[in-house]
Amino acid sequence: MSLRKLHPALGFLRRLAENNDRAWFQAHKDEYDAVREQWLSEVDRLIARLAQHDPRASRLTARTAAYRIYRDTRFSPDKTPYKTYFSASFPVQGRRDERAGYYLQFDERLGEGGLYGGIYCLKPQDLRKLRQAIVDNIDEFREIVEAPDMRRLYGDGWVGPALKTVPKGWPKDHPEAALLRLKSYGKFHELAPAFYSSPSWPEEAADMLVVMRPFVDFINYSLDEPVGGW
């Protein structure tokens, strides 16, 4: 795919990946600012469409949802200073790091860019609580994740790490062993670079994200429910 066919921001990010240093970035800062502003305006459109389905999203803005392009290299062997993608998180529950939500990675690398939903890096107590909620409400959970649109867009697989064996406290032959071994509960739909060439891509992405709302809501009300129920 030639650069002229890419979304302008993706063209910039591809060249940044080939020249990931501060001198090159500073020399092209005006171009970065321009494509970033265009992308942010499109993310605002995505949020507006998402809010039509889920009014909780109406309090979000692109500037509060978007992540910085600057990498934190303090504890990484990779010292390249910039991310080579744009990303934004849509935490409709109001707590970006502690509850399930939606996530967009705007990326021209196949297999990397796309739509995510769910929860990652749970605290141990939250992970135990969510596993128990899934087992206790397995029929509801399966109805959600196996719904036709959910399977069509997000498949049957899961994003994130899993244990090699069933966690301690559960029988090894538990019928839901595959779900219990998960350490994160996330779904992913890949978006090819050509997807962003559509003028309506923000609205199309929002319509795909909202398919995950029952899944996201199941996680959040399971985590928010007091131990022992109401």
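Caption draft 1: Representation of the overall build of the protein chain within the structure. Counting secondary structure elements, the protein chain contains 10 helices and four strands. Each helix and strand of the protein chain, placed in order from N terminus to C terminus, yields the pattern α-α-α-α-β-β-β-α-α-α-α-β-α-α. With respect to the principal axes defined by its C-alpha atoms, the protein chain has extents near 60 × 40 × 30 Å. Within the protein chain, the fraction of its 230 residues that count as buried is 47%. Contacts in the protein chain between residues far apart in sequence, at least 24 positions, make up 67% of those at least 6 positions apart. Entry remark: accessible area of the protein chain is about 12,000 Å², with carbon and sulfur atoms responsible for 52%.

Caption draft 2: Representation of the packing of helix H1 (residues 8-18) against helix H3 (residues 29-53) in the model. It is at 9 Å that the axes of H1 and H3 come closest, and there the two elements cross at 140°. The angle between the axes of H1 and H3 places the two elements in the oblique class. Where H1 crosses over H3, the handedness of that crossing is left-handed. Within the contact between the two elements, H1 uses Pro8, Ala9, Phe12 and Arg15 and H3 uses Glu31, Tyr32, Val35 and Gln38.

Caption draft 3: View of the pattern of salt bridges. The tally for this structure, following the rule as stated, stands at 19 salt bridges. The shortest N-O distance in the salt bridge between Arg45 and Glu203 comes to 2.8 Å. In this pair, Arg45 is assigned in helix H3 and Glu203 in helix H9 (residues 201-209), connecting sequence segments 158 residues apart. Look at Glu203 and you get buried, because its relative accessible area is 18%.

Caption draft 4: Structural view of the environment of Asn137. On the secondary structure map, Asn137 appears in the loop between helix H5 (124-136) and helix H6 (138-145). According to the relative accessible area criterion, Asn137 is partly exposed, its value standing at 33%. Distance in space between the C-alpha atoms of Asn137 and Phe218 is 9.8 Å, their sequence separation being 81 residues.

Caption draft 5: Representation of the pairing of strand E1 (residues 86-90) in the model. For E1, the tally of buried residues reaches five of five residues, placing the bulk of the element in the interior. Residues Phe86, Ala88 and Phe90 of E1 are buried on one face, and the alternating residues Ser87 and Ser89, pointing to the opposite face, are buried as well. In this structure, E1 lies alongside strand E2 (residues 101-106), joined through five bridges in antiparallel fashion. Within E2, the residue paired with Ser89 across the bridge is Tyr103.

Here is what the cut-offs are and how they apply
Residues numbered from 1 in each chain as written. Predicted model: local features only at pLDDT ≥ 70, side-chain atom pairs only at ≥ 80, totals over all residues. Heavy atoms only, no water. Helix = DSSP H or I, 4+ residues; strand = E, 2+ residues; numbered from the N terminus. Buried < 20%, exposed > 50% of the residue type's maximum accessible area, 1.4 Å probe, protein only. Contact = heavy atoms within 4.5 Å. Areas by Shrake-Rupley, 256 points an atom, 1.4 Å probe, with all protein chains shown as cover. Axes fitted to C-alpha atoms, helices over the stretch in contact; angles between N-to-C directions. Parallel < 35°, antiparallel > 145°, perpendicular 65-115°, else oblique. Left-handed = near helix turned anticlockwise from the far one by under 90°. Salt bridge = Lys/Arg side-chain N within 4 Å of Asp/Glu carboxyl O. Pairing = 2+ DSSP bridges.

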